[in-house]
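# Chains, contacts and geometry: an overview
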Amino acid sequence: YDTDQKANVKSRYRIGSISKTFTTVLVMKAIEEGKLSLEQTMDSYFPKIDNAEKITIAHLLQHRSGIHNVTQDENYLEWSTKLHTEKQMVERIRKGGSDFEPGSKAEYSNSNFILLTYILEHEYKQDYGDLLEKKITKPLGLEDTHMGGTIDPANNDCYSYSYIGKWKKESETDMSVPEGAGAIVSTPVDLVKFSDALFSGDLLQEQYLNKMKTIKDHYGMGLFEFPFGEQKGLGHTGGIDA
């Protein structure tokens, strides 16, 4: 709308929290490679976060950590458009505190997957975007899926809009804020390829795919369960900027 450029099959969209499914695959790959385990706690990475010694990788993946959702910060929209370092984001998450005892229930929190991003980067000593390319997008031939940056329509990127009587362009979340919780850009075609590869077992060993698909208190690991007629589907929703 802003440029009168029509969407096409190669138009790239910010996919928001669908990014969490990609991040979960990367975590499971790290577990396959012996770099992480579902049972390990996060205190060696983030000792100052409440209950760090009790919160496991599994808790983070399944939203059972109790860590407050940083995107619910009352000033979130004021600072989410600005570049953040890992140190700054971890401090914002730390200040949010804990909403419940780890493992006692499930409650959606983007903070979990922001922290998982940093854990992956610490273990591999590589940026999340590089890991995404090396372990998922390049092997699957996903040419239009990558970590997002500043939106550039000339590069087939799409702006976000909301409609209140007329279309209004939304401000851009700086992708250093959501990281692996919501910073990936992709196309519908690439997302179908990714989904097909995941559920056909091309990305993970069966035991780890089964972990992702196991639903507890309405959450799997990087997946939700959706009703589909008399069947049930697995996937993830996503929204960002709007």
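The preceding data block contains the structure.
Read on for a plain summary of the structure.

Definitions and limits used
- Residues numbered from 1 in each chain as written.
- Predicted model: local features only at pLDDT ≥ 70, side-chain atom pairs only at ≥ 80, totals over all residues.
- Heavy atoms only, no water.
- Helix = DSSP H or I, 4+ residues; strand = E, 2+ residues; numbered from the N terminus.
- Rg over C-alpha atoms; globule rule 2.2 N^0.38 Å.
- Buried < 20%, exposed > 50% of the residue type's maximum accessible area, 1.4 Å probe, protein only.
- Contact = heavy atoms within 4.5 Å.
- Areas by Shrake-Rupley, 256 points an atom, 1.4 Å probe, with all protein chains shown as cover.
- Lys, Arg positive; Asp, Glu negative; His and termini not counted.
- Charge placed at Lys NZ, Arg CZ, Asp CG, Glu CD.
- Salt bridge = Lys/Arg side-chain N within 4 Å of Asp/Glu carboxyl O.
- 1 Å grid on protein atoms, 1.4 Å probe; cavity = no way out; pocket = protein on both sides within 12 Å on 5 of 7 lines; lining within 4 Å.
- Points joined across faces, edges and corners; volume = space filled by probe spheres on them.
- Nonpolar A, V, L, I, M, F, W, Y, C, P; charged D, E, K, R; others polar.
- Arc of directions from axis to C-beta.

### Let's talk about the overall build of the protein chain
Each helix and strand counted, the protein chain has eight helices and seven strands in total. In terms of overall dimensions, the protein chain is globule-like: its C-alpha atoms have a radius of gyration of 18 Å, near the 18 Å expected for 242 residues. Principal axes of the C-alpha set define a box for the protein chain whose edges measure 50 × 40 × 40 Å. For the protein chain, the proportion of its 242 residues judged to be buried stands at 48%. Partitioning the contacts of the protein chain with sequence separation of at least 6, the portion at a separation of at least 24 is 73%. Split by element, the accessible area of the protein chain, about 12200 Å² in all, is 48% carbon and sulfur. Of note, the protein chain has its 28 positive side-chain charges centred 1 Å away from the centre of its 37 negative side-chain charges.

### Quick notes on unusual backbone geometry
The bulk of non-glycine residues show a negative phi, and the bulk of peptide bonds are trans. Phi is positive for His 63, which is not a glycine, with a value near 60 degrees. Residue position: His 63 is located in the loop between helix 2 (57-61) and helix 3 (76-79). Judged by relative accessible area, which is 3%, His 63 ranks as buried. Located in the positive-phi region is Glu 179, a residue other than glycine, with phi close to 45 degrees.

### Quick word on the side chain of Asp 190
Position of Asp 190 relative to the elements: it lies in helix 7 (residues 188-199). The side chain of Asp 190 sits in the buried core without any salt bridge; Lys 193 is the nearest counter-charge, 4.4 Å away. Excluding anything up to four places from it in sequence, Asp 190 contacts Leu 142, Glu 143, Asp 144 and Thr 145.

### Side note on the layout of surface pockets
In this structure, the largest pocket encloses a volume near 340 Å³. Surrounding the largest pocket, 21 residues form its lining, Tyr 76, Thr 173, Gly 239, Ile 240 and Asp 241 being those nearest its centre. Of all elements in the fold, only helix 3 and helix 5 (110-124) reach the threshold of two or more residues within the lining of the largest pocket. Considered class by class, the residues forming the lining of the largest pocket number eight nonpolar, 10 polar and three charged.

### A word on helix 8 (residues 206-213)
Within the span of helix 8, buried status applies to Tyr 208, Leu 209 and Met 212. In a view along the axis of helix 8, the buried residues occupy a sector of 100 degrees, so they form one face of it. Next to the buried residues of helix 8 lie helix 1 (19-32) and helix 7.

No statement about biological role is implied by the geometric values presented.
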